[in-house]
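Each chain is listed here by its residues.
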Amino acid sequence: MNDATGQLLRRDDIDQRLLSLSATVRELEEHAKIRDALDQGATHDLGDTESREGLLAEALSRLTGRPICIEDAFGHISAGAGIGSKRPYPRLGAAARSRTAQLWLASGSPVREPRRLVALALSHGEVLGAICMLATDRPVTAGNVFALKYATRLLEVELSHRRSLARLELRLGRDLVDELVSGTDGATAGLRAEALGYDISGLQHVIVAQWQPPRTDDTVVVALRRTFRELFSSALVSRRADMAVAVVRGDPLGAEVFSVVAKTLRSTTGAVGIGGPSLDVAQIPRSFSEALHALHVRAGSIERYGVTRFDQLGIYRILAPAGGEPDLAGYIDEWLGTLRRADDSRGSDLVQTLAQYLDHGGNYDSTAQSLTIHRSTLRYRLKSIRQITGFDLADPDTRLNLHVATRAWRLRPNGAPFHVP
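On a predicted model such as this, the values are computed, not experimentally measured, just so you know.

A. Geometry of the confidence of the model for the chain. For the chain, per-residue confidence averages 83 on the pLDDT scale, and residues scoring 70 or more make up 87% of the total. Taking the mean pLDDT of every element in the chain, the minimum, 72, falls on helix 1 (residues 3–42) and the maximum, 94, on strand 6 (residues 204–211). Below pLDDT 50 for its whole length, residues 413–421 participates in 16 contacts with residues either more than four positions away or in separate chains.

Below you can see the structure in the form of structure tokens.
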């Protein structure tokens, strides 16, 4: 080979290297532009977009000119851009999603599936979500693939951060619930609740839920948390053994709580107990004991599945009550409080009239005779009692509770307060 030929070959080699270097520079510049566009697009203010995933999908769609879907770990579409209102492809089953994950882990490249190219967001080998670039009549470019992979890394960061916060919030929330139902000081509880975005002031109730067969995982906890979100109730939820425990702000709904939890779990074989109201942190342990008592009563009743509120237990409030001490004052006030307050304001004696009427088995003649009043006067008083209390004196359960309450009222020590403070 002569010198001229060698120089020519070296020049060709240099030209090839320059072309390759130039292509590399163009590729790096393109990648830098893609990164900048996605970084800026994914960090804008949400505005009308509902989530960071929505911003990311819109940014990637604008950049590539392709429809984009973002899925959660279960294959549900959580955000999209340029896809319309209908799902653009069938949802894969668990086995197909597992196969996609294996291919992604093996190659590190987006996986081709019917109608789309899929890249997975992972954390320690666990799938957090996916970005799908939908097929069009244009071929997928190397820039499209790079944009898809970079967007997936941004999604990984967002979802990993969100999961870490959720786990931290869950742990702190569980710790706070345990402290609240066990008893803690208001100042400490207030600071910790505020850090979790929960308002511990004002009316609170404790709710316990238990499903059969017993569940020692978090399925009931998760279902209860979703229930309160659906019912727009603020709550802290934890688990004790096979029972979910919640501290709920405001006055929680009864039957609605059970029905939504049962729908979420796809099972009606559970019971929910709701404790009485707590006006400050110091009363929350009492509400917890009452919720357990309500749950115990429900579990021992004929209809063992459903919801029971402590303040609707009637006589069961003083039969094997929570804490072992009869709630006589609360029980008496529940059944006779309205009537007693009417006596105080009117100077009447309706509680005594009701007591005599029940003691005489509802017999008008013997009741009127014991009170030394006329039958018509007794009828008038009983009519007033029905109007003031709203009770149906013909209902057996109502008569039983009123009779027990009047007997307990008569046995009060002299000078003891009648009303619950």
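Moving on, there is more to tell.
B. Spotlight on the packing of aromatic side chains. Here the structure, examined in full by the defined rule, presents four aromatic pairs. Each ring, one from Trp211 and one from Phe258, has its centre 5.5 Å from the other, and the planes form 20°; the classification is stacked. Highlighted residues: Trp211 in strand 6 and Phe258 in helix 7 (residues 255–265), separated in sequence by 47 residues. Considered together, Trp211 and Phe258 belong to a single accessibility category, that of buried residues.

C. The sheet that holds strand 8 (residues 243–249), seen in detail. Pairing is mixed in the open sheet, where five strands are placed in the order 7-8-6-9-10. For this open sheet the edge positions go to strand 7 (235–240) and strand 10 (306–309), each flanked by a neighbour on one side alone. Along the sheet, successive strands turn relative to each other by an average axial angle of 20°, direction set aside. Here five bridges tie strand 6 to strand 9 (residues 270–274), and the two strands are oriented antiparallel to one another. Bridging across to strand 9, Ala209 finds its partner in Val272. Helix 6 (residues 219–230) rests against strand 6, strand 7 and strand 8 of the sheet, and its axis sits at about 165° to strand 7. On the sheet, helix 8 (residues 284–299) packs against strand 6, strand 7, strand 8, strand 9 and strand 10 and is oriented at approximately 35° with respect to strand 6.

D. Here's a closer look at the environment of Gly314. With respect to the helices and strands, Gly314 occurs in the loop between strand 10 and helix 9 (328–346). Separated by 84 residues in sequence, Gly314 and Thr398 have C-alpha atoms that sit 8.7 Å apart. Discounting residues that sit within four places of it in the chain, Gly314 has contacts with Tyr331, Glu334, Trp335 and Asn401.

E. Local environment of the pairing of strand 6. The element strand 6 is largely enclosed, with a buried count of seven among its eight residues. Across six bridges, the pairing between strand 6 and strand 8 is antiparallel. Bridge pairing in strand 8 places Val206 opposite Val247.

Procedures and definitions
- Residues numbered from 1 in each chain as written.
- Predicted model: local features only at pLDDT ≥ 70, side-chain atom pairs only at ≥ 80, totals over all residues.
- Heavy atoms only, no water.
- pLDDT = per-residue confidence, 0-100.
- Helix = DSSP H or I, 4+ residues; strand = E, 2+ residues; numbered from the N terminus.
- Contact = heavy atoms within 4.5 Å.
- Phe/Tyr/Trp six-rings, centres within 6.5 Å; stacked < 30°, edge-to-face > 60°.
- Buried < 20%, exposed > 50% of the residue type's maximum accessible area, 1.4 Å probe, protein only.
- Pairing = 2+ DSSP bridges.
- Axes fitted to C-alpha atoms, helices over the stretch in contact; angles between N-to-C directions.

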